[in-house]
Structures are given as structure tokens and as C-alpha cells.
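Structural characterization, general
What follows is each chain in one-letter form.
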Amino acid sequence: MELIQETPDLSAFLAADEAVDHHHPVVRKTAARLAGQAADSYAYARAAFEYVRDTVPHSADSGDLRVTWRASDVLAQSTGICHAKAHALAALLRAEDIPTALCYQRLEYDGASGHCVHGLVAVRFHGAWHRQDCRGNKEGVDAQFSLDGERLAWVPVGERGEADYPVLYAAPHPAVLRVLKEAPDRPHLWDALPNAL
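Residues numbered from 1 in each chain as written. Predicted model: local features only at pLDDT ≥ 70, side-chain atom pairs only at ≥ 80, totals over all residues. Heavy atoms only, no water.

1. Quick notes on the overall build of the protein
Regarding its fold elements, the protein presents seven helices and six strands. Computed over the C-alpha atoms, the radius of gyration of the protein is 15 Å, within 12% of the 16 Å expected from 2.2 N^0.38 for a compact globule of 197 residues. Dimensions along the principal axes, computed over C-alpha positions, put the protein at roughly 45 × 35 × 30 Å. For the protein, the residues scored as buried account for 50% of the 197 residues in total. Accessible surface for the protein amounts to roughly 8800 Å². Of this, 50% is attributable to carbon and sulfur atoms. When the 19 positive and 27 negative side-chain charges of the protein are each reduced to one mean point, those points stand 4 Å apart. (Helix = DSSP H or I, 4+ residues; strand = E, 2+ residues; numbered from the N terminus. Rg over C-alpha atoms; globule rule 2.2 N^0.38 Å. Buried < 20%, exposed > 50% of the residue type's maximum accessible area, 1.4 Å probe, protein only. Areas by Shrake-Rupley, 256 points an atom, 1.4 Å probe, with all protein chains shown as cover. Lys, Arg positive; Asp, Glu negative; His and termini not counted. Charge placed at Lys NZ, Arg CZ, Asp CG, Glu CD.)

2. Some points on the layout of surface pockets
The volume enclosed by the largest pocket comes to roughly 390 Å³. Breaking the lining of the largest pocket down by element, the ones donating at least two residues are β2 (100-108) and β3 (115-125). When residues in the lining of the largest pocket are grouped by element, the largest group, three residues, is from β3. Grouping the constituent residues of the lining of the largest pocket by class yields eleven nonpolar, two polar and five charged. (1 Å grid on protein atoms, 1.4 Å probe; cavity = no way out; pocket = protein on both sides within 12 Å on 5 of 7 lines; lining within 4 Å. Points joined across faces, edges and corners; volume = space filled by probe spheres on them. Nonpolar A, V, L, I, M, F, W, Y, C, P; charged D, E, K, R; others polar.)

3. Re the packing of aromatic side chains
One pass over the full model with this rule turns up six aromatic pairs. For the ring pair F13 and W129, a centre distance of 5.1 Å and an interplane angle of 65 degrees mean the geometry is edge-to-face. Separated by 116 residues along the polypeptide, F13 in the loop between β1 (4-5) and α1 (25-35) and W129 in strand β4 (residues 128-132) bring together distant segments of the chain. Summarising the burial analysis for this pair, F13 and W129 share the class buried. Each ring, one from F49 and one from F145, has its centre 5.8 Å from the other, and the planes form 55 degrees; the classification is tilted. Here the residue F49 occupies a position in helix α2 (residues 41-55), and F145 occupies one in the loop between β4 and β5 (163-164), the gap between them amounting to 96 residues. Take F49 and F145: they sit in the same class, and that class is buried. Among the aromatic residues, those joined into a cluster by ring pairs are Y42, F49, F125 and F145. (Phe/Tyr/Trp six-rings, centres within 6.5 Å; stacked < 30°, edge-to-face > 60°.)

4. Quick word on α1
Among all positions of α1, only V27, T30, A31 and L34 are buried. Viewed end-on, α1 has its buried residues packed into an arc of 100 degrees, placing them on one side of the element. Relative to its buried face, α1 has exposed residues pointing more than 90 degrees away, namely P25 and K29. Where α1 is buried, its residues meet α2, α4 (71-77) and α5 (82-95). (Arc of directions from axis to C-beta. Contact = heavy atoms within 4.5 Å.)

5. Points about the environment of T68
Within the secondary structure, T68 sits in the loop between α3 (59-62) and α4. With a relative accessible area of 3%, T68 lands in the buried category. Between the C-alpha atom of T68 and that of H188, which follows or precedes it by 120 residues, the distance is 13 Å. Discounting residues that sit within four places of it in the chain, T68 has contacts with D73, V74, Q77, T79, G80, A84 and L180.

6. Observations concerning the sheet that holds β3
If you trace the four strands from one edge of the open sheet to the other, you get β4-β3-β2-β5, paired in antiparallel fashion. In this open sheet, the two edge strands, each paired with only one partner strand, are β4 and β5. Pairing analysis gives five bridges linking β3 to β4, with the strands arranged antiparallel. Note that in β4 the partner of V121 across the bridge is Q132. Of the strands in this sheet, β2 and β3 touch α5, which is tilted by about 10 degrees from β3. (Pairing = 2+ DSSP bridges. Axes fitted to C-alpha atoms, helices over the stretch in contact; angles between N-to-C directions.)

7. Comments concerning the packing of α1 against α2
Running from amino to carboxyl end, α1 crosses α2 at an angle of 125 degrees, the nearest separation of the two axes being 9 Å. Taken together, the axes of α1 and α2 lie oblique to each other. Seen from above, α1 lies across α2 with right-handed handedness. Across the interface between the two elements, T30, A31, R33, L34 and A35 from α1 touch Y44, A47, A48 and Y51 from α2. Here the contact of α1 with α2 is composed, by residue class, of seven nonpolar, one polar and one charged. (Parallel < 35°, antiparallel > 145°, perpendicular 65-115°, else oblique. Left-handed = near helix turned anticlockwise from the far one by under 90°.)

Here's what the structure looks like:
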């Protein structure tokens, strides 16, 4: 699949916004700590990925009912669903000047619609985009940071109505951000997640 930037302006994928708030002190402090232990930008990107994947529990796995959507809140509260965790990883990477996009998949889901939109990121290294899924590993899920072939949590199956969306967004998709911001808790969020983009 060819990944398509929504804008040709690469600087858009370094920008801060209300969800990817990489100017926030919590994000900056975390980024500085991780960067201090990394030999180069590739090592930093891997460390940031593993930090979000492994130390911020996916709220469905942990049973946390809180809904976070702003990167700084995800890091401060140490919880979030895939979209929130993607915002946190994008903020950490952009804080160290690594172009990062938000991207999405449509996956089968046991919610009312039978499908939901899943959030991931893409990082730009060596003139190409590489998708990464920091959702968090569990039984049956083994996502890894990789610039040499994708190691995502799930590979969509077309026969089940699943799909990869090729567009790389500089900011969270409005439909995703709206439901995250409006949900009073995770059970409500589960019912409101978009089933397609």
C-alpha cells in the first residue's frame, strides 16, 4: 500500500496542535529523558515507541474507564486507547523533530457496528514513511518498532470488511477527535467510535 500525505508540506507533520501538544512540559520532560538515553534519532524513536506501548496501558486492557485524548494527558495519567496513545507517541517524536503522521485502519470489533477505526502513527526516516502501532501488546498482539517491514498489531482482512487507510494525517482525524473529546467514559467511547473514515 502506498501511503499518501494529506499535505505535501512536511513541516505539518512536526506541528503541535490541541491533541499532539508536544510543547507541553509533561511531553518535553518525557522526551528529554528518553533522548538523553538514545544514541541517535532512530534509537530515540524506538525508545519513544516502546515507552508509549509498554508503560501507558491501553485502557481496555487495564479496565481504566477514563478517556484521554491530549498527548500530555495520556502521558500524565498513563492511560488511553489506541488513538490517544498514537497522539502521545506523535507528540514525543515531534518533540525531537521526527516527522510523524497519524493514520488509521478499519478493523472488526464487537461493538454495535461490527467495525471500528483503529489509530496508529507513521514515522518518516530515510525519505519514507513507516507505520507503527503503539497500542500495547497482549496475548495475540505483538507490535514492534520497525523500519524494515511492518510489525503492526493487526493486518486487516478484506473479506471481513477490514482495511488500511492510506492517508497520513498531520492532525487527528476530526471524526476520531470529536468522539474522544465528547465521551464521558470508555464504555460510551466504545459505542461512539467511528466504524469507517
